[in-house]
Structure formats: C-alpha cells, structure tokens
Amino acid sequence: FYNEKLGRVEMHLVSRLPQQIKVHETVFRFQEGETIHTESSYKYAVEEFIDLCRKAHFRPMGHWKDQAGLFCVYYFERE
C-alpha cells in the first residue's frame, strides 16, 4: 500500500494463520493477519530526487521519463 505521509510504497507479508518460525535460536510468533513490513519503495518528484543526489555529491547529467510521467531514469556522475 502507499503510505502517503511517508511518501513510500510498502510491501508487507501477511500471516495466513497463527504460526511460529525459528531463526537460529530465536523464535518468532505470528498471529493470523499479522504483517511483516519487508520493503519500502520511496517516491520522489524529479527535483526532490536531484536535490537528494546533489547532497550526496552527485552531479545530475540527465534524466528521462516515460510518456505518462510515472517513471524516470537518471544519469549522475560523482563530483
């Protein structure tokens, strides 16, 4: 689902039944319907992402968007 407050798409695994799993010596218990947040995919406007990369010392060289403006590929070089 999309977490609008944090600006990200979140992936969750959902337990279909009460269960427990063991990883090494640690036991994890899950109730039916309990979720595990497994991934976050952040969404940025073009300028937001370019600003973020500049702060990390990358220089924007170009970017390309799909026709609908939903996806973008960026090209950066290190400063």
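Because the structure is predicted, anything quoted here is derived from the model rather than measured. (Residues numbered from 1 in each chain as written. Predicted model: local features only at pLDDT ≥ 70, side-chain atom pairs only at ≥ 80, totals over all residues. Heavy atoms only, no water.)

Undergrad: I tried to follow the side chain of Asn3 on my own but got confused; where do I start?
TA: Topologically, Asn3 is positioned in strand E1 (residues 2–3). Given a relative accessible area of 17%, Asn3 falls into the buried group. Side-chain polar atoms of Asn3 contact the backbone nitrogen of Leu6, separated by 3.1 Å. Side-chain polar atoms of Asn3 contact the side chain of Glu10, separated by 3.0 Å. Leaving out residues up to four positions away in the same chain, Asn3 has contacts with Arg8 and Glu10. (Helix = DSSP H or I, 4+ residues; strand = E, 2+ residues; numbered from the N terminus. Buried < 20%, exposed > 50% of the residue type's maximum accessible area, 1.4 Å probe, protein only. Polar contact = N/O pair within 3.5 Å; in protein donor to acceptor, adjacent residues only side chain to side chain. Contact = heavy atoms within 4.5 Å.)

Undergrad: Sorry if this is basic, but what is going on with helix H1 (residues 46–55) here?
TA: Because each turn of an α-helix spans 3.6 residues, side chains separated by three or four positions in sequence point in the same direction. Buried within H1 we find Val46, Ile50 and Cys53. Looking down the long axis of H1, one finds its buried residues gathered within 65° of arc, a one-sided arrangement. Lining the buried residues of H1 we find strand E6 (58–65) and strand E7 (72–78). Residue His57 follows H1 closely and has a positive phi angle near 70°. (Arc of directions from axis to C-beta.)

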